[in-house]
Amino acid sequence: MSFRGPSVISRLAFFFFFFALTACSYSPQTTLDPKSATATAEYDLLVPIFWAAVVVFVIVEALLVYSVLRFRARGDSDAIPVQFHGNTPLEIGWTIAPAIVLGVIFLMTAQTMTVVHSPPPAAAGNSINVRAIGHQWWWEFQYPDLKTAEAKPITTASDLHIPAGQVINYTLESIDVIHSFWVPQLGGKTDLIPGHTNHGFFNAPQVGQYFGQCAEFCGEQHAQMRFRVYADNASDFDAWVKGQQTIPTAPAAGLAQQGATLFAASACIGCHAIAGTKAIGNVGPNLTHFGSRTTIASGVLDNTPENLSKWLHNPEAIKSGNDMSVAMRTVIAQWGGDADKNIEMLVAYLESLK
């Protein structure tokens, strides 16, 4: 008994439904739902170019199908078809038409670039500066004009808080390899190049949460190098800044106090910083207000005690190749005793850092 494979129609139907179902899923990292003037300008350029490409595709494929059917071999397959060379009007036409299309696209692109590279005028006090630093594989954000009680810039990781409606002027730097800063709903991509500082701007007119991503392959955990932008109203942003400027109160008792003692006596302080303590490391994220952040491991896990415990027990299982994997094995060996109990104390301490 012979087996017949799927027909051409069934294959086409499969691919149609496959792509249709794929399109049904919503990604928060989408350029198709712009939320800023910059992102809207880029979207307005994308749409006509997309439909122009569709028209070109349909015309080319129609001519291809027509040629296959019209000039297919008939009768004696060994017969040599009639040979002809050159068609001057046709050749002139298919040279001029693409040139016109590309000329229109060039003008539209130039207009869009003018918008993208021209920040809206910011009144005094209506813009802030942010320094974004790329690491393998997490994001560090510093606010050079907003100082803490120790006269240092507010520093956080993975969560970027901004005031809605204000212009955000950012500088981009990389500690290790090339990364790319991208918040699809707020604007295009800008690379972070080691040894070079790039500049850009964006704004978020609406209060909300926007998802960002490294858009340049930077190693094993490139896809897990995420961050979130929180556009707050003025009062919420001011409250966040005030909270970040304070030094967290040291826990006085309980598991959190035991965790603080454990943290201060371990190798953790060589990689992380916590204001008001002797922890001044800058290899890993600043943990001063860790408990107020929404995610762990650059957006991989929600910041909950359960997830933090999983992360500290086995970082490699969650995000392979990260520096914490080796560091935690060293720290756990240094602690001695009951590792589970020690991690429980450390979790209590870190989550208390609001």
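Below you will find a few notes about this structure. It should be emphasised that the depicted structure is a prediction, and the values quoted were computed from it without experimental measurement. (Residues numbered from 1 in each chain as written. Predicted model: local features only at pLDDT ≥ 70, side-chain atom pairs only at ≥ 80, totals over all residues. Heavy atoms only, no water.)

## As for the overall build of the protein
A count of helical and extended segments in the protein gives 9 helices and 12 strands. By the burial criterion, 35% of the 354 residues in the protein qualify as buried. Restricting to contacts in the protein with at least 6 residues of sequence separation, those with at least 24 account for 63%. Taken as a whole, the protein presents about 20500 Å² of accessible surface, with 64% of it coming from carbon and sulfur. (Helix = DSSP H or I, 4+ residues; strand = E, 2+ residues; numbered from the N terminus. Buried < 20%, exposed > 50% of the residue type's maximum accessible area, 1.4 Å probe, protein only. Contact = heavy atoms within 4.5 Å. Areas by Shrake-Rupley, 256 points an atom, 1.4 Å probe, with all protein chains shown as cover.)

## A short note on the pairing of strand β9 (residues 208–214)
Of the strand pairs in this sheet, strand β6 (residues 179–182) and β9 are connected by 2 bridges, and their pairing is antiparallel. What sits directly across from tryptophan 182, in β9, is glutamine 213. For β9 and strand β10 (residues 226–232), the ladder comprises 6 bridges, and the chain directions are antiparallel. Bridge pairing links phenylalanine 211 to arginine 228 in β10. (Pairing = 2+ DSSP bridges.)

## Notes on the pairing of strand β2 (residues 138–147)
Across 5 bridges, the pairing between strand β1 (residues 127–135) and β2 is antiparallel. The residue of β2 that forms the bridge with glycine 134 is tryptophan 139.

## Describing unusual backbone geometry
A cis geometry characterises the amide bond from glutamine 136 onward to tryptophan 137, with omega recorded as -5°. Mapped onto the elements, tryptophan 137 comes out in the loop between β1 and β2. Of note, alanine 297 is a non-glycine position whose phi angle comes to about 60°, a positive value. Positionally, alanine 297 belongs in the loop between β11 (295–296) and β12 (301–302). If you check the backbone angles, serine 298 has positive phi at about 60° while not being a glycine. Residue placement: serine 298 occurs in the loop between β11 and β12.

## Points about a nonpolar patch on the surface
Where nonpolar side chains cluster on the molecular surface, the patch consists of Leu32, Leu46, Phe50 and Trp51 and spans about 450 Å² of accessible area. Topologically, leucine 46 is positioned in helix α2 (residues 37–70). When its relative accessible area of 38% is taken as the criterion, leucine 46 is described as partly exposed. (Patch = residues over 30% accessible without salt bridge, like charges linked within 9 Å, V, L, I, M, F, W, Y side chains within 5 Å. Salt bridge = Lys/Arg side-chain N within 4 Å of Asp/Glu carboxyl O.)

## Regarding the nonpolar core
The biggest cluster of nonpolar side chains holds 29 residues, and the ones touching the most others in it are Trp139, Phe141, Leu160, Ile162, Phe181, Phe202 and Val229. Sorting the residues of this core by element identifies β1, β2, β4 (159–163), β5 (167–174), β9, β10 and α4 (234–245) as the ones contributing at least two each. Those residues in contact with isoleucine 162, other than ones at most four positions away along the chain, are Ile168, Phe202, Ala204, Val229, Tyr230, Ala231, Asp232 and Phe237. Counting 25 residues, the second-largest nonpolar core is a separate cluster that includes Ala260, Cys268, Leu301 and Leu308. (Core = buried A, V, L, I, M, F, W, Y, C linked by side-chain atoms within 4.5 Å.)

## Comments concerning the pattern of salt bridges
Taken as a whole and assessed by the stated rule, the structure comprises 3 salt bridges. When the shortest N-O distance is used, the salt bridge between arginine 131 and glutamate 173 registers 2.8 Å. Of the two residues, arginine 131 is situated in strand β1 and glutamate 173 in strand β5; the sequence distance between them amounts to 42 residues. Since its relative accessible area comes to 29%, arginine 131 is described here as partly exposed. Across the pair glutamate 344 and lysine 341 runs a salt bridge, and its minimum N-O distance is 3.9 Å.

## Some words on the sheet that holds β2
Sheets are built from strands paired through backbone hydrogen bonds, the pairs being either parallel or antiparallel. With mixed pairing, the 5 strands of this open sheet are ordered in space as β3-β2-β1-β5-β8. With partners counted over all chains shown, the strands left at the sheet margins are β3 (153–157) and β8 (198–203), one partner each. Across the sheet, the mean angle separating the axes of adjacent strands is 25° when strand polarity is ignored. Sheet topology note: the β5/β8 ladder contains 6 bridges and is antiparallel. If you follow tyrosine 170 over to β8, its bridge partner there is glycine 200. (Axes fitted to C-alpha atoms, helices over the stretch in contact; angles between N-to-C directions.)

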